Amino acid sequence: MKRLSIQELDKIIKASADINRVRILKMLKDKKMCVCEIAAVLAITQPSVSRHLKKLKDAGFIESENEGLWTNYFLCPQNPFAVTVIEKLDSWIGTDKTITDDQKAVRKADRGRLCCP
């Protein structure tokens, strides 16, 4: 198993220590999403979502790809600790009401309706 530097570990722990970022990780386990879809589920502004996504990306939890007008975000853990955190989320918080409500909202999130291209 690859060893992390203390700076890498610090970045990963800080990125996973925020409720909205944990909620985003759980949402991205279900599907690729754009900023406006995530913002709608979390009920926060798109700039706030973008800041959270940047921290998750910098910590190696997620990646992004462009698809037409949208940028899709998806899980792509780049290190063993990020993989472990993502794998453990279901057992740690899988039945939490906030998470189950988010999962229902993710299924209903429609970028065609939410986003203004």
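Keep in mind that what you see is a predicted model, and the values were worked out from it rather than measured.

**Q** Explain the confidence of the model for the chain here, please?
**A** Interpreting fine coordinate detail is not advised for predicted regions of low pLDDT. Mean pLDDT over the chain works out to 88, with 97% of the residues at or above the 70 mark. For the chain, helix α7 (residues 111-114) is the element with the lowest average pLDDT, namely 77, and helix α4 (residues 46-58) is the one with the highest, namely 96.

**Q** What exactly am I supposed to notice about the nonpolar core here?
**A** Counting 26 residues, the largest nonpolar core has Ile24, Met27, Ile38, Leu53, Phe61 and Ile62 as its most contacted members. Elements represented by at least two residues in this core include exactly α1 (6-15), α2 (19-30), α3 (35-42), α4 and α5 (80-93). Excluding anything up to four places from it in sequence, methionine 27 contacts Met33, Ile38, Val41, Leu42 and Val106.

**Q** Help me understand the pairing of strand β1 (residues 62-67) in this model?
**A** Along a regular strand, successive side chains alternate from one face of the sheet to the other. In this structure, β1 lies alongside strand β2 (residues 70-75), joined through six bridges in antiparallel fashion. Bridging across to β2, isoleucine 62 finds its partner in leucine 75. If you look at the hairpin formed by β1 and β2, you'll find two residues sitting between the two strands, and glycine 68 has a positive phi there, around 60°.

**Q** What is the right way to read the pattern of salt bridges from this model?
**A** A pair can form between side chains of opposite charge whenever their charged atoms are brought close. Tallying each qualifying case throughout the model produces nine salt bridges. We note a salt bridge from aspartate 102 to arginine 23, for which the minimum N-O separation is 2.7 Å. With a gap of 79 residues between them, aspartate 102 in helix α6 (residues 97-108) and arginine 23 in helix α2 connect regions that are remote in the sequence. Neither residue differs from the other here; aspartate 102 and arginine 23 are each classed as buried. Where lysine 32 meets glutamate 65, a salt bridge forms, and the shortest distance between an N and an O atom there is 2.7 Å. Remark: glutamate 65 occurs in strand β1 and lysine 32 occurs in the loop between α2 and α3; sequence separation between them is 33 residues.

Definitions and limits used
- Residues numbered from 1 in each chain as written.
- Predicted model: local features only at pLDDT ≥ 70, side-chain atom pairs only at ≥ 80, totals over all residues.
- Heavy atoms only, no water.
- pLDDT = per-residue confidence, 0-100.
- Helix = DSSP H or I, 4+ residues; strand = E, 2+ residues; numbered from the N terminus.
- Core = buried A, V, L, I, M, F, W, Y, C linked by side-chain atoms within 4.5 Å.
- Buried < 20%, exposed > 50% of the residue type's maximum accessible area, 1.4 Å probe, protein only.
- Contact = heavy atoms within 4.5 Å.
- Pairing = 2+ DSSP bridges.
- Salt bridge = Lys/Arg side-chain N within 4 Å of Asp/Glu carboxyl O.

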